[in-house]
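Given next are the chains, with one letter for each unit.
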Amino acid sequence: MKSLASYEDAKGNIKLRQQIVRLMRESRCRSRVEEIIITNGCLESINLALRCIAKSGDTIAVESPTYFGVLQTLETLGMKVLEIPTHPQTGIDPAALDKVVRTRKITGCVLIPTFSNPLGSCMPEKNKKQVYQILSDAKIPIIEDDIYGG
Ligand SMILES: Cc1ncc(COP(=O)(O)O)c(C=O)c1O
């Protein structure tokens, strides 16, 4: 009854956040309850994550094609988009990404590796590791849209 008459924690319901930490642990991703916030859907979380790592005018690398909502979010934030060729079965092209991070100033990268929308591709584990290595070596943060992951 008390919960009906009071505001929720601004970061979101604590029990839900604890369950998210537990689920993330099952997929070998360590996090703490204080690091989790509940958003109004996936695009709000991408919007917040982008605002944490980049500002208007910065360039963000994305798969091509990518989910149109990601492009709209980047446009709203005044960020530039750099499209990386993406294979319908194996996802973003690691060689093309590698070339881009060596030649262009990229502030971040938004990826949908586990069932791309619109392609439906699922990046093989080997490619995911390769892409992670390229971006972490270049110190470029990855924002993963894992809406269809599990
Ligand atoms: C890959 C992807 N990201 C984000 C969204 C939007 O999610 P939400 O409505 O939770 O913001 C969708 C919706 O179809 C999607 O396919």
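Here the structure is a predicted model, which is why all the values come from computation and not from measurement. (Residues numbered from 1 in each chain as written. Predicted model: local features only at pLDDT ≥ 70, side-chain atom pairs only at ≥ 80, totals over all residues.)

**What to know about the overall build of the chain**
Stage number 1. A count of helices and strands for the chain gives 5 helices and 5 strands.
Stage number 2. Secondary structure elements of the chain occur, N-terminal to C-terminal, as α-α-β-α-β-β-α-β-α-β.
Stage number 3. If you line up the chain on its principal axes, its C-alpha atoms span 55 × 35 × 30 Å.
Stage number 4. By residue count, 25% of the 150 residues in the chain fall in the buried class.
Stage number 5. Across the chain, every contact between residues at least 6 apart in sequence was considered, and the portion connecting residues at least 24 apart equals 61%. (Helix = DSSP H or I, 4+ residues; strand = E, 2+ residues; numbered from the N terminus. Buried ≥ 20, exposed ≤ 12 C-beta atoms within 10 Å, placed from the backbone. Contact = placed C-beta atoms within 7 Å.)

**Considering the environment of Ser-136**
Stage number 1. Secondary-structure assignment places Ser-136 in helix H5 (residues 125–137).
Stage number 2. Each C-alpha atom of the pair Ser-136 and Ala-54 lies 16 Å from the other, and the pair is 82 residues apart in sequence.

**Looking at the domain arrangement of the chain**
Stage number 1. In terms of domains, the chain is made up of domain 1 (1–38) and domain 2 (42–144).
Stage number 2. Domain 1 and domain 2 are separated by 27 Å when their C-alpha centres are compared. (Domains from an automatic or database assignment.)

**Description of the environment of Ile-46**
Stage number 1. Positionally, Ile-46 belongs in helix H2 (residues 42–53).
Stage number 2. Look at Ile-46 and you get buried, because 22 C-beta atoms sit within 10 Å.
Stage number 3. For Ile-46 and Glu-144, which are 98 residues apart along the polypeptide, the C-alpha to C-alpha distance reads 8.4 Å.
Stage number 4. Aside from chain neighbours lying at most four places away, what touches Ile-46 is Val-70, Thr-73, Val-110, Ile-143 and Asp-145.

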